[in-house]
Structures are given as structure tokens and as C-alpha cells.
Amino acid sequence: NKTDFALWKLSRVNEKRQMEWESPWGVGFPGWHIECSSMSRAILGDHIDIHTGGIDHIPVHHTNEIAQSECSLDDDQRFVNYWMHVNFLNFDKEKMSKSTGDFLRLESLKEKNISPNTYKYLLLMTHYRKELRFSWESLDAANIAFQKLKNKINDIRLNIKKEDEIIKENFSKKAEKYKNEFINAMSDDLNTSIALSKIWIMLKDKDIKNIEKYSLIVIFDNYLGLGLLEFDSNN
């Protein structure tokens, strides 16, 4: 329906906006939804594979993006293949937002000497479509777990035989099984929590050589981007 959303919004009379333009319909600015459609198509083309956003964008914003974008495309052309919506990050029971004053700042993490990868590890412990309740206690617990993981990987690194080389293929049957389980978890709607659990199980498996464990971590961290192979210089 033409009243569902505005493609062009008129500026108020006798009021100067920071961003406004002349148009055939008068001085104004593009509606929020058409901004995203036009920028997406101008930069990424008429068709994109994955579009992300918060779950609060499902009922209005993304619905309108689809409507206006696909109306301007050929009948058989799809605007987006997959929509991936992340759930809310909450403080206690409240959604984290600027309007309530409850939101986490990067400066807060820096003040507590928390690395960005520790915070990322906390987020990856929960599936992106599930709500995540933030607390400093949960972040401290994630920090401890993350450091244990890094230390375990570093111990493995230091115990690799000098003649061993990083394995890119031809893993043992058991190591290949862990590789496939990790990739299958990531391929199943980015199930990062399951993928992380596979890493812990693999590292504790005594039937796999250290060089295979380290080689698998190289592969896994290409997916996760947690800096699992970045160690202090004194290590």
C-alpha cells in the first residue's frame, strides 16, 4: 500500500535540515527504507547473497526494503537470498539501547583491560538468534575461558616437533572428523556455540598429534577471527 512507507519526505516549512535536497516533489530527503535499498544497489548491485540486521528490523524496515527493491527489479529477480537477524544484547532484562542509557561502550572494555577478542568470544558462545544477557560477571567468565583456550593452544604450539609442518590436507581420520564437525556447525546457520565446543573437545583429544591440532586451529580461526594464534612476544 502506498501509505506503508515514504519514499521521499518533505522538509518542514521554514525549517532548515542538515541534509535536504531539491526534488520534483519539493525540498526534502529520502525515507529511511529507500536509503538502504538505494545504497545497497548502488554499492553492491541489484542482488546480494546475505543481508544482516537486528530482529527489530523484521516487521517494518526489512519488509519495506524487500517491497520497494523487488518492485523495481525484474519479475524473476530476487533482492536478497538470505536474511540473518541477530537478537538483542540485554542488560539484565532491558534491551541495550542509547535511549535507556543502558549500553556497553568500547571505552568501558578498554578501562577494564578487556580485549576485543574476549568480548567477541562472549558473543560467539551464544547463537546470534538467541538473546544474550550481558553482565560484567559473564564477561569475566568468558575472559577466563578465552585465556585458558589461548594457553592450551600455545602449549600445543610449543610442543610441536621442529620437523612437523602445518597440515592443509590429508589429516588423520579423527582430525578430519573434527574439521568436518566444526565446518558443519558453522554452516548450520552460524552455530558458533557448537563450533567452539568442538574446538575444546578436539584440543583435549589425546589421539590427535599436536601438529594436527594446531593445523586445525589455523583453519578454525579463519572462520572465527578470534586471534587464537596471537601470543605474547615472551611466549
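Residues numbered from 1 in each chain as written. Predicted model: local features only at pLDDT ≥ 70, side-chain atom pairs only at ≥ 80, totals over all residues. Heavy atoms only, no water.

Now for the environment of Lys120. One can find Lys120 in helix H4 (residues 116-124). The spacing of Lys120 and Leu226 is 106 residues in sequence and 7.3 Å in space, taken between C-alpha atoms. The contacts of Lys120, once residues within four sequence positions are left out, are Leu224, Gly225 and Leu226. A distance of 2.7 Å separates a polar side-chain atom of Lys120 from the backbone oxygen of Gly225. (Helix = DSSP H or I, 4+ residues; strand = E, 2+ residues; numbered from the N terminus. Contact = heavy atoms within 4.5 Å. Polar contact = N/O pair within 3.5 Å; in protein donor to acceptor, adjacent residues only side chain to side chain.)

Under the criterion given, the structure shown has six aromatic pairs. Taking the centre distance of 5.2 Å and the plane angle of 80 degrees together, the rings of Phe134 and Trp136 count as edge-to-face. The exposure class of Phe134 is buried, given its relative accessible area of 1%. For the ring pair Phe182 and Tyr223, a centre distance of 5.6 Å and an interplane angle of 80 degrees mean the geometry is edge-to-face. Residue Phe182 is located in helix H6 (residues 173-187), and its partner Tyr223 is located in helix H8 (residues 210-224); the two are separated by 41 residues in the primary sequence. On the basis of relative accessible area, Phe182 is assigned to the buried category, the value being 0%. The class for Tyr223 is partly exposed, based on a relative accessible area of 43%. One aromatic cluster is present, formed by Phe182, Phe220 and Tyr223 through successive ring pairs. The lysine or arginine in question, Arg17, covers the ring of Phe29, its NZ or CZ lying 3.5 Å from the ring centre. (Phe/Tyr/Trp six-rings, centres within 6.5 Å; stacked < 30°, edge-to-face > 60°. Buried < 20%, exposed > 50% of the residue type's maximum accessible area, 1.4 Å probe, protein only. Lys NZ or Arg CZ within 6 Å of the ring centre and 35° of its normal.)

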